[in-house]
Every structure is written in C-alpha cells, then in structure tokens.
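Report on the structure
Listed here are the chains, written in short residue letters.
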Amino acid sequence: MSSHSDNTMNNAGSESPAATLSKGHNAKSSLKIWLDGEFLDHEKAVVSVFDHGLLYGDGCFEGIRIYNGRIFKLRTHLERMFRSAELLRLKSPYTIDEIEAACRESVVVNEIANGYIRLVFTRGVGGLGLNPFLCDKPTVFIISDSIQLYPAEMYETGLRVVMAERRRFPINCLDPSIKSLNYLNNIMAKVEAIDQGVLEAIMLNNDGHISEGTGDNIFIVKDKAILTPSTEAGILHGITRQYVMEELAPAIGFEVEERMMYPQHILEADEVFLTGTACEIIGVTHLDDQEIGAGQVGPITKSLEAEFRKRVENNAPED
Ligand code: PMP
C-alpha cells in the first residue's frame, strides 16, 4: 500500500473535495509523544498557554516520513531544523545527535513502519511580551504518527490548484527558507484554495514570480526540460525538491534547471507537479480552471513518482 493512503488525515474544509479528508486528528490512544526528554501518553503531552510557540508562532518544525522503518533524509531534516532554529536565534536544549536518537526512539516506541514524524521546537514558556529572550527554555516535542495531505485518487487523476491572491512573505520580512511555526501566510492561501473548491494554491512572491505551494514546492516540465523556481524566489528549500533535483531526475535522464518563473510558465507547461514530505510527488492538471498540458498527470511526473516510490520503499536514504 502506498504511503499516501495512510489513514490519519489533516484538517480539511467542509466543501468538496476537501470534505473527502476526514476532520481533525484521530491519534491512536496508544500514541506516545516525546516531550522535553520523556515519552508521555498523547493526552498528557501538553504545552503551556504561556508558550511563545502558541502565543506568537515563535518556533520551528520539521515533517519527516518513515518508509519501511527507515527515516527518509532524517539527517538533512535535522540540519534544516537546526538552521531554522539558529536563524530564529533559538537554541535547542538538545544536540542534533540527541534529537536524532529521540526521533528514532519515537518511531520504535510507536511501532511505526510507515508514517510521519513532526518535530517541533517552540521558544518556550514566557510572559505576555514578545521578547523571546525572556522565555525559559525551548519546548521540544516529537509526534510520530501518519499523514495524508491529498486523497489517494488524486495521485492518479491529478490535483487542481488555484493561483493565490495572497503573496508569499518576502525574504526580507520572514524568510520562507526558515520552517517557522508561523504558517499563517500559507494557511490564508490554502483557505483561498478551499474557498474555490480545490486543495492547493500556488503562491507568487512580491515581484510576481512563482514561489511555491502552501506546503509543497513546484516543478514544471516544458519541452522535455524540468524547471523549478530558484531559491531566490523565496521558498522553503524543500528536501523532496532537492531529492528530485539531485537523484530522481538524473535517474530518469533529466537535469533540473532552477530559474525565476511567472504564472504563464505554468499555463504553457507540458506538465506540472508538486513535491513535499507530506504530498510526496503529485501531478497538477489545472490552474484556475485552465488545463495544463493534456490535463492529465504527465509521463515525466509518473516516471519520477515511480522512481521515488521504488527508492523510498526499498531502502530509503537516511542521510
Ligand atoms: N514549501 C513549504 C511551504 C512547505 O511547508 C513544505 C513542506 N515542508 C515544502 C515546501 C516541501 O518541503 P519538504 O520537501 O522538505 O517537505
């Protein structure tokens, strides 16, 4: 069974097709959460209302997949996590090796062969003022569970997306390469998509260049070339994006070119697909009711998906 048919769902809007995803979380009652150094039953794993992660979205996180007991690109995710924390001037109370060990233990304790890890650092408990340096120490927790971003059939039929009116935060406001806990920019664009009856929106940067989806990176295929927005467009430096660029595309005989792109590039593309830890690789067939290419998941997208699945299911790289 492919991992995008895991049975725990994200929150979704009430309109179709979002309604095809069940509401809320349905954490197993046996789920154990690693919180500040110990495993707790999930009902007991609680964070203070004075935690600045909650009060201000002050913190950072990672989402990491587990395939057949191996944690895909764990070390790369941890390095991105520690880079996000450093850019936020947030010092982890644990070393990267300690966090790695805790992630591994969390997968074992929860007996997860195929699933998803959410690793979170918050600023920690503080007062009602913004000053992050008055907080005690960062709160750290790890949830190992499962995730499904899009219904399984959309991997066959493709995803429809809209172009969000809302622009991605500019790099000099809140650098999108920091995976911060403040996701309202993305959430408001996601709401635009759901309001229009689809599940994902593409965001432009303030100069009108394509940046990314609300929770995934974007690629286009045009005349047998694979292109993706440059990091200068203001994007999360996606680990799945990097895997496509460095491993999957070369394996099927392509190189990926990073460049600045406009919405027209999507409309004129032969194929468009999104990548991310949660969505993996998914083809996009329509932008705002306009068909992309043949209006189906394209052959290069399918080859990349097949290559991805083969590699992660056989011996997922953990580096
Ligand atoms: N962009 C955004 C805004 C995201 O939240 C994500 C998911 N973490 C991605 C891109 C994809 O990144 P990755 O492949 O590392 O999951």
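Here is a short report on the structure shown in this document. Remember, it's a predicted structure, so these values are computed and weren't measured experimentally. (Residues numbered from 1 in each chain as written. Predicted model: local features only at pLDDT ≥ 70, side-chain atom pairs only at ≥ 80, totals over all residues. Heavy atoms only, no water.)

Further remarks concern the overall build of the chain. Scanning the chain from terminus to terminus reveals eight helices and 15 strands. Taken over the C-alpha trace, the chain has a radius of gyration of 19 Å; the compact-globule value for 319 residues is 20 Å, and the two agree within 12%. Considered along the principal axes of its C-alpha atoms, the chain spans approximately 55 × 40 × 35 Å. Split into buried and exposed, the 319 residues of the chain put 54% on the buried side. Looking at the chain alone, contacts between residues at least 24 apart form 71% of all its contacts between residues at least 6 apart. If you sum the accessible surface of the chain, you get close to 14300 Å²; carbon and sulfur atoms cover 51% of it. The distance from the centre of the 30 positive side-chain charges to the centre of the 47 negative ones in the chain is 2 Å. (Helix = DSSP H or I, 4+ residues; strand = E, 2+ residues; numbered from the N terminus. Rg over C-alpha atoms; globule rule 2.2 N^0.38 Å. Buried < 20%, exposed > 50% of the residue type's maximum accessible area, 1.4 Å probe, protein only. Contact = heavy atoms within 4.5 Å. Areas by Shrake-Rupley, 256 points an atom, 1.4 Å probe, with all protein chains shown as cover. Lys, Arg positive; Asp, Glu negative; His and termini not counted. Charge placed at Lys NZ, Arg CZ, Asp CG, Glu CD.)

Here the focus is the site of the ligand. In the vicinity of the ligand there are 17 residues, among which Lys 179, Tyr 183, Glu 212, Thr 240 and Thr 277 approach most closely. Take Lys 179: an N or O atom from its side chain is 2.6 Å from a nitrogen atom of the ligand. If the ligand stood free it would expose 390 Å²; the protein chains cover 96% of that surface. For the shell around the ligand, the residue count by class is three nonpolar, nine polar and five charged. (Near = heavy atom within 4 Å. Polar contact = N/O pair within 3.5 Å; in protein donor to acceptor, adjacent residues only side chain to side chain. Nonpolar A, V, L, I, M, F, W, Y, C, P; charged D, E, K, R; others polar.)

Another point: the environment of Leu 159. Within the secondary structure layout, Leu 159 lies in strand E7 (residues 159–163). Overall, the relative accessible area of 1% leaves Leu 159 in the buried class. Sequence separation between Leu 159 and Gln 296 is 137 residues; the distance between their C-alpha atoms is 9.2 Å. Excluding its chain neighbours within four sequence positions, the residues that come into contact with Leu 159 are Tyr 150, Met 154, Leu 199, Glu 200, Leu 274, Ile 282, Gly 283, Val 284, Thr 285 and His 286.

This brings us to the sheet that holds strand E3 (residues 59–67). With antiparallel pairing, six strands are arranged side by side in an open sheet as E2-E1-E6-E5-E3-E4. Taken across any chain shown, the strands that pair with only one partner, and hence form the sheet edges, are strand E2 (38–41) and strand E4 (70–71). Pairing of E3 with E4, which is carried by two bridges, proceeds in the antiparallel orientation. Bridge pairing in E4 links Ile 66 to Ile 71. (Pairing = 2+ DSSP bridges.)

A full pass over the atoms with the stated rule returns nine aromatic pairs. Geometrically, the ring pair formed by Tyr 67 and Phe 72 is edge-to-face, given 6.1 Å between the ring centres and 85° between the ring planes. Given the relative accessible area of 2%, Tyr 67 is considered buried. Pairing Phe 72 with Phe 308 gives two aromatic rings, centres 6.0 Å apart and planes at 85°, and the pair type is edge-to-face. Here Phe 72, found in the loop between E4 and helix H2 (74–87), pairs with Phe 308, found in helix H8 (residues 299–315); they are 236 residues apart in sequence, far enough to count as distant. Of the two residues, Phe 72 and Phe 308, both sit in the buried class. One aromatic cluster in this structure is built from Tyr 67, Phe 72, Tyr 243 and Phe 308. (Phe/Tyr/Trp six-rings, centres within 6.5 Å; stacked < 30°, edge-to-face > 60°.)

Just geometry here; none of it tells us what the structure is for.
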